[in-house]
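Architecture at a glance
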Amino acid sequence: MKKSRLKRPTKSRLAFVICNTIFMVFLSFLFLAPYINILAKSFNAARDTMLGGLTFWPRVWSQDNYAVVLGDSTTWTGFRVSVLRVLVGSAFSLIVNYMAAYALLKKGLRFKKLIILIFTIPMFVSGGLIAEYIYFPKLGIYNTFWVYILPNAFSFYNMVIIRTYLQGIPETLFESARLDGAGEFIVLFKITLPLSMPIVATILLWSAVANWNDWTTTLYFVENQDLFTLQYNMQMAIKQTETVQQMIANALESGRPLGDIDADITAESIQAAQLIVTTVPIIMVYPFLQRYFMSGVMIGSVKE
């Protein structure tokens, strides 16, 4: 038997692959360039950072910025609150949305259309911030940790994605389990849940990113500094950075000496270090859920 030979790509195909690779590398660099610049600033000496300019490698290496950020007790307090919020909020949101999706999957459910309509209306008509200010204190969650968890527990969009995915599971599996005497909770946790891990990972990732990045909830509904999230502290640092930078610019224009304002750190360098500390945890989580994320989104969005 003749050995099969690999068909060589044509010149046009080879040219397309080369051009496409160059384009994707260039596009990836454009996306990564701002983050690399911030990373370089976070390890750069403060006085050199004040000179400005775009850099992708620390011109003068220094770890003082991270020493200040990691040495601040508010950083670790905010980190603990943010991590706890992500863990509790994501898990609770998954449970609520998954069980709602499973319930609406039942064919004999009464008033199903009315329930879906009630869930749909808040997507287009919201009570707004004033309504939340009124009923959050009455619910007893204002200025508490639960203000991060309960209001965002249910998402109609996430529930629809889960329900669409569950519709792809053969109904015969459910019927066989029920004939063997399995209850709804057995069917839910022993059959449905193991078969829907891609969509579970997808919803967990969405919830984790949303909970991790949110800082407006702290701004509006939290006054206790022990409940401030890492993202809120970073946002406040950015606001302070703008003020300090304006003060430095005014001092330079007037010819006044800056003194030791930048002996080891500056507001800009601290901001860069805080940005890295804030974004690294969620970046480390994403690769472990990426394969589930892609398959879950595609299957959950195209099945009817």
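Every α-helix winds through 3.6 residues per turn, so residues three or four apart in the chain are directed the same way. If you check helix α10 (residues 197–213), its first and last C-alpha atoms are 24 Å apart, about what 17 residues at 1.5 Å a residue would give, namely 24 Å. Among all positions in α10, only P198, I199, V200, A201, T202, I203, L205, S207, A208, N211 and W212 are buried.

Core analysis: the largest hydrophobic core is formed by 21 residues, its most contacted members being Y98, M159, I162, L166 and I199. Mapped by element, the contributors of at least two residues to this core are α4 (73–104), α7 (156–166), α8 (171–179), α9 (184–195) and α10. Setting aside anything within four residues of it in sequence, one finds Y98 in contact with I162, L166, L188, T192, L193, S196 and V200. Among the nonpolar cores identified, the runner-up in size contains twelve residues, and I141, V147, F221 and L227 belong to it.

Their axes nearest at 5 Å, the elements α9 and α10 cross at an angle of 75°. Taken together, the axes of α9 and α10 lie roughly perpendicular to each other. Contacts from L193, P194 and L195 of α9 reach α10 at M197, P198 and V200. Broken down by class, the residue content of the contact of α9 with α10 amounts to six nonpolar, no polar and no charged.

Of note, T217 is situated in helix α11 (residues 216–221). Beyond its immediate sequence surroundings of up to four residues, T217 is in contact with R85, V147, Y148 and V222.

When you line up the elements, F79 lands in helix α4. For the pair F79 and Q231, spaced 152 residues apart in the sequence, the C-alpha separation amounts to 8.7 Å. Residues contacting F79, with those up to four places away along its chain left out, are W212, L230 and P281.

Let's shift gears to the pattern of salt bridges. Scanning the model with the defined rule gives two salt bridges in all. The closest approach of N and O atoms between D214 and R85, which form a salt bridge, is 2.7 Å. Here the residue D214 occupies a position in the loop between α10 and α11, and R85 occupies one in helix α4, the gap between them amounting to 129 residues. For D214, a relative accessible area of 16% puts it in the buried group. In this structure, R178 and E171 form a salt bridge, with 3.8 Å as the shortest nitrogen-oxygen distance. Judged by relative accessible area, which is 34%, E171 ranks as partly exposed.

Further remarks concern the packing of aromatic side chains. A full pass over the atoms with the stated rule returns 15 aromatic pairs. Ring centres 6.3 Å apart and planes at 80° place the aromatic pair W76 and F79 in the edge-to-face group. Of this pair, W76 and F79 both sit in helix α4, separated by three residues, roughly a single helical turn. Ring centres of Y220 and F221 lie 6.1 Å apart, and the angle between their planes is 75°; on these two criteria the pair is classed as edge-to-face.

The rules we used
Residues numbered from 1 in each chain as written. Predicted model: local features only at pLDDT ≥ 70, side-chain atom pairs only at ≥ 80, totals over all residues. Heavy atoms only, no water. Helix = DSSP H or I, 4+ residues; strand = E, 2+ residues; numbered from the N terminus. Expected span 1.5 Å × (residues − 1). Buried < 20%, exposed > 50% of the residue type's maximum accessible area, 1.4 Å probe, protein only. Core = buried A, V, L, I, M, F, W, Y, C linked by side-chain atoms within 4.5 Å. Contact = heavy atoms within 4.5 Å. Axes fitted to C-alpha atoms, helices over the stretch in contact; angles between N-to-C directions. Parallel < 35°, antiparallel > 145°, perpendicular 65-115°, else oblique. Nonpolar A, V, L, I, M, F, W, Y, C, P; charged D, E, K, R; others polar. Salt bridge = Lys/Arg side-chain N within 4 Å of Asp/Glu carboxyl O. Phe/Tyr/Trp six-rings, centres within 6.5 Å; stacked < 30°, edge-to-face > 60°.

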